[in-house]
Amino acid sequence: IEFALQTSELSPGTYPFIFTPQSLVSGVLAPLFEGLSAGQLESSTSPLTEKLDNKILSEKITLHENANFIPFDMDGLPTYAKTYVDSGVLKAFPIPLAYAKKLGRKPTASSFAGGGFSDLSMNPGQGSLKAWISAMDEGVLLMASYNLTQGNIINGDLSGIISMGFHIKNGKVA
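Nothing here was measured: the structure is a model prediction, and the numbers come from that model.

Conventions adopted
Residue positions are counted from 1 within each chain, in the order its sequence is given. Residue-level local features of this predicted model are given only where pLDDT is at least 70; pairs of side-chain atoms are given and counted only at 80 or more, and the full residue set underlies all totals for whole chains, interfaces and linings. Water and hydrogen atoms play no part in the side-chain values, which are based on all heavy atoms of the structure. Strands are runs of DSSP state E lasting at least two residues, helices are runs of H or I lasting at least four, and both sets are numbered from the N terminus onward. Categorising residues by exposure relies on relative accessible area from a 1.4 Å probe, with only protein chains included: less than 20% of the type maximum marks a residue as buried, more than 50% marks it as exposed, and the intermediate range marks it as partly exposed. Any pair of residues with heavy atoms lying within 4.5 Å of one another is described as a contacting pair. Method for areas: the Shrake-Rupley scheme with a 1.4 Å probe, in which residue coverage is limited to the protein chains shown. The criterion for strand pairing is that DSSP finds at least two bridges linking the strands in question. Note on method: axes are straight lines fitted to C-alpha atoms, helices fitted across the in-contact stretch only, with angles between N-to-C directions ranging 0 to 180 degrees. Along the chain, pLDDT gives the predictor's confidence residue by residue, from 0 to 100. With a 1 Å grid spanning the protein atoms alone, the term cavity applies to any set of points in which a 1.4 Å probe fits but cannot get out, the term pocket to an open set with protein on both sides within 12 Å along at least five of seven lines, and the term lining residue to any residue with an atom within 4 Å of a point. Grid points are joined across faces, edges and corners, and a volume is the space filled by probe spheres set on the points. Residues were grouped as follows: Ala, Val, Leu, Ile, Met, Phe, Trp, Tyr, Cys and Pro as nonpolar; Asp, Glu, Lys and Arg as charged; and all remaining residues, including Gly, as polar. What the bend at a residue measures is the angle between two axes, fitted to the seven residues ending there and to the seven starting there. Should a side-chain nitrogen of Lys or Arg be within 4 Å of a carboxyl oxygen of Asp or Glu, the pair is scored as a salt bridge.

Our focus in this paragraph is the overall build of the chain. Scanning the chain for helices and strands turns up four helices and eight strands. When the helices and strands of the chain are placed in sequence order, the string is β-α-α-β-β-β-α-β-α-β-β-β. Within the chain, the proportion of its 174 residues that are buried is 32%. Within the chain, counting contacts between residues at least 6 apart in sequence, those at least 24 apart form 64% of the total. In the structure as shown, the chain presents an accessible area of about 10600 Å², 55% of it carried by carbon and sulfur atoms.

Right under this line is the structure:
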């Protein structure tokens, strides 16, 4: 709350960002999920179509599905633990039964309402939010953004409007 009592002006430009978990999912991972979708793969509109076993993200990022809470997907297939991105390398696509034959791939028990993922998790980073802020010369702590997923996903454009964020300057919230 103490951050919200301050205002600061940020000049137009390119800055490093610290994403909160909420802004990471809606702003960064949503376009990734779109690129991983079987529909995008089928239409060859995903920039990830030919990227299996290639680095697509920072080596600090691993995304895996634990399959702890949903025993079966919507097609009735038993769910199982799988890793989609391992240390930044794309290892798998979520392939629902309806797309498996079309894509010439095995289904991955990934048919869920709203997308191909259920119990998805990311390995935690190192350090604390306070340490990340204090290490940043100038940047943004992003809490929420409008239209971040409306950028050009094929080209990787994640520009958008910061609806709630904090300007970091000299290691402190300005």
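This is not the end of the story, as more comes after the structure.
With a phi close to 60°, Ser 44 is a non-glycine residue in the positive phi region. Checked against the element boundaries, Ser 44 lands in the loop between α2 (38-42) and β2 (63-65). Of note, the phi angle at Asn 170 is positive, near 55°, even though the residue is not glycine.

Before going further, it helps to examine the sheet that holds strand β7 (residues 161-169). Taken together, four strands build an open sheet; the order of strands is β1-β6-β7-β8 and the sheet is mixed. The sheet terminates laterally at β1 (17-19) and β8 (172-173), the two strands that pair on one side only. Relative to β8, β7 is paired through two bridges, and the arrangement is antiparallel. Counted as the bridge partner of Lys 169 is Lys 172 from β8. Its contacts with the sheet place helix α1 (residues 21-36) against β1 and β6 (138-146), and it is angled at close to 105° to β1.

Confidence in the prediction of the chain, expressed as mean pLDDT, is 85, and 90% of residues score 70 or more. Across the chain, the secondary-structure element scoring lowest on mean pLDDT is α1, at 80, and the one scoring highest is strand β4 (residues 89-90), at 96.

As a volume, the largest pocket reaches approximately 860 Å³. For the largest pocket, the lining is made up of 25 residues, of which Leu 24, Ile 61, Met 122, Gly 125 and Trp 132 are closest to its centre. Mapped onto the lining of the largest pocket, the elements with two or more residues apiece are β1, α1 and β5 (120-122). Of all the elements, α1 adds the most residues to the lining of the largest pocket, at six residues. Here the lining of the largest pocket is composed, by residue class, of 18 nonpolar, six polar and one charged.

With that settled, the discussion passes to the sheet that holds strand β3 (residues 82-86). Taken together, the four strands give an open sheet; going across it, the order is β4-β3-β2-β5, and neighbouring strands pair in antiparallel fashion. Each edge of the sheet is formed by a strand with only one pairing partner; in this case those strands are β4 and β5. With two bridges connecting them, β3 and β4 associate as antiparallel partners. In the strand pairing of β4, Val 85 is matched with Leu 90. Taken strand by strand, α1 contacts β2, β4 and β5, and its axis lies near 120° from that of β5.

Another aspect to go through is α1. At Leu 29, α1 shows its largest kink, close to 50°, and the proline Pro 31 lies no more than four residues downstream. Listed in full, the buried residues belonging to α1 are Ser 23, Gly 27, Leu 29, Pro 31, Leu 32, Gly 35 and Leu 36.

A separate point is the pattern of salt bridges. In a structure, side chains of opposite charge can pair up when their charged atoms sit close to one another. Taken as a whole and judged by the stated rule, the model has three salt bridges. As a salt-bridge pair, Asp 53 and Lys 91 come within 3.3 Å of each other at their nearest N and O atoms. With Asp 53 in the loop between α2 and β2 and Lys 91 in the loop between β4 and α3 (97-103), this pair connects stretches of sequence that are 38 residues apart. Taking the relative accessible area as the measure of exposure, Lys 91 reaches 41% and is therefore partly exposed. The closest approach of N and O atoms between Glu 65 and Lys 82, which form a salt bridge, is 2.8 Å. Here Glu 65 is found in strand β2, whereas its partner Lys 82 is found in strand β3, with 17 residues between them in sequence. The same class applies to Glu 65 as to Lys 82, namely buried.

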